[in-house]
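Spelled out from the first residue to the last, the chains are:
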Amino acid sequence: GAVVSQHPSRVICKSGTSVKIECRSLDFQATTMFWYRQFPKQSLMLMATSNEGSKATYEQGVEKDKFLINHASLTLSTLTVTSAHPEDSSFYICSARNHYRGMNTEAFFGQGTRLTVV
Amino acid sequence: ILNVEQSPQSLHVQEGDSTNFTCSFPSSNFYALHWYRWETAKSPEALFVMTLNGDEKKKGRISATLNTKEGYSYLYIKGSQPEDSATYLCAYQGGKLIFGQGTELSVKP
């Protein structure tokens, strides 16, 4: 199956600093990638849809200036958590679908990133 | 607000038991229903993507059914094994993927 690689898997940062998370599709071109956040015991919540070569589409309640998304190539999307605060501590995970295979196909996920802001 | 609900939240079974979980989802604007298995420290892995009402899919000991008119899907595991221990996620695709909170399965040897 297709592989999506996400880095880093864990990061601890100081409050006020920024953290960049990378999501790469290794063996297919992903025109669209998705960023999710998961709070303990809750479902994956879609934060934003990352579109190659254009602006990301953010879900209601997600601050676009706080969570910067860049999708500069067909295989790489990045999520930058700017001026991180302890409440940003969470599990972040990306996914991509191979749209060349059609609309109703499975999503491929990265391994996720556990962010802790101290 | 589109809601995807999974039950039960967690399940503990003995090796060899058969088990099933439920996913309920909106019946409007339906494109597909996805099932994923998520093992600890790994990426969620797709099990099935189902699109047609009445559809049944099978992969080894795992199977799933779909009822789009009433908005539910069942996932069945026959003869559970310890390696089946994972969180099972369903996701409703009506444009974006909206996930349920998952069913955490633990299979004791």
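Each remark here, short or long, concerns the structure printed above.
All of the points below concern the structure found in this document.

Here is what the cut-offs are and how they apply
Residues numbered from 1 in each chain as written. Chains lettered and ligands numbered in written order. Predicted model: local features only at pLDDT ≥ 70, side-chain atom pairs only at ≥ 80, totals over all residues. Heavy atoms only, no water. Contact = heavy atoms within 4.5 Å. Salt bridge = Lys/Arg side-chain N within 4 Å of Asp/Glu carboxyl O. Polar contact = N/O pair within 3.5 Å; in protein donor to acceptor, adjacent residues only side chain to side chain. Helix = DSSP H or I, 4+ residues; strand = E, 2+ residues; numbered from the N terminus. Nonpolar A, V, L, I, M, F, W, Y, C, P; charged D, E, K, R; others polar. Pairing = 2+ DSSP bridges. Axes fitted to C-alpha atoms, helices over the stretch in contact; angles between N-to-C directions. 1 Å grid on protein atoms, 1.4 Å probe; cavity = no way out; pocket = protein on both sides within 12 Å on 5 of 7 lines; lining within 4 Å. Points joined across faces, edges and corners; volume = space filled by probe spheres on them. Buried < 20%, exposed > 50% of the residue type's maximum accessible area, 1.4 Å probe, protein only.

**Things to note about the interface of chain A and chain B**
- If you look at the interface, chain A gives 19 residues, while chain B gives 18 residues.
- The tally of links between chain A and chain B comes to one salt bridge.
- Linking B:Lys96 and A:Glu59 is a salt bridge whose minimum nitrogen-to-oxygen distance equals 2.6 Å.
- The tally of links between chain A and chain B comes to five residue pairs in polar contact (both at pLDDT 80 or more).
- Secondary-structure elements contributing two or more residues to the side of chain A that touches chain B are β4 (32-38), β5 (44-51) and β9 (90-96) of chain A.
- For the side of chain A that touches chain B, the class distribution of residues is eight nonpolar, seven polar and four charged.

**A word on the sheet that holds strand β8 (residues 76-81) of chain A**
All names here are of chain A.
- Pairing in this open sheet of four strands is antiparallel, and the strands run β1-β3-β8-β7 from one edge to the other. The open sheet terminates on both sides in strands that have one partner only, identified here as β1 (4-7) and β7 (67-73). Between one strand axis and the next, the sheet turns by 15° as a mean value, whatever way the strands run.
- By the bridge criterion, six bridges tie strand β3 (residues 19-25) to β8 in an arrangement that is antiparallel. Counted as the bridge partner of Arg-24 is Leu-76 from β8.

**Focus on the layout of surface pockets**
- Approximately 820 Å³ is the volume found for the largest pocket.
- The wall of the largest pocket is formed by 26 residues, among which A:Gln38, A:Arg114, B:Trp38, B:Thr40 and B:Thr87 lie closest to the centre.
- When residues of the lining of the largest pocket are assigned to their parent elements, the largest contribution, three residues, is made by strand β9 (residues 86-93) of chain B.
- Split by residue class, the lining of the largest pocket holds eight nonpolar, 12 polar and six charged.
- Its boundaries defined by the atoms lining it, the second largest pocket holds a volume of some 690 Å³.
- If you trace the second largest pocket, you find 26 residues lining it, with A:Leu44, A:Met45, A:Leu46, A:Glu59 and A:Gln60 closest to the centre.
- Looking at the lining of the second largest pocket, the elements with two or more residues in it are β4 and β5 of chain A together with β10 (97-99) of chain B.

**As for unusual backbone geometry**
- With an omega dihedral of -5°, the bond running from A:His7 to A:Pro8 counts as a cis peptide bond.
- By the element assignment, A:Pro8 lies in the loop between β1 and β2 (10-13).
- With an omega dihedral of -5°, the bond running from B:Ser7 to B:Pro8 counts as a cis peptide bond.
- On the secondary structure map, B:Pro8 appears in the loop between β1 (5-7) and β2 (10-14).
- Located in the positive-phi region is A:Ser83, a residue other than glycine, with phi close to 45°.
- For A:Ser83, the position within the fold is in the loop between β8 and β9.
- The phi dihedral of B:Ala41 is positive, around 70°, even though this residue is not glycine.
- Structurally, B:Ala41 can be placed in the loop between β4 (32-38) and β5 (45-50).
- Under the relative-accessibility criterion, B:Ala41 is labelled exposed at 78%.

**Some details on the pattern of salt bridges**
Residue and element names in this part refer to chain B.
- Overall, the coordinates contain five salt bridges over all chains when judged by the stated rule.
- Here Asp-84 makes a salt bridge to Arg-61, at a shortest N to O gap of 2.8 Å. You can see Asp-84 sitting in the loop between β8 (72-77) and β9 and its partner Arg-61 sitting in the loop between β6 (56-59) and β7 (62-67), a full 23 residues away along the chain.
- Given the relative accessible area of 34%, Arg-61 is considered partly exposed.

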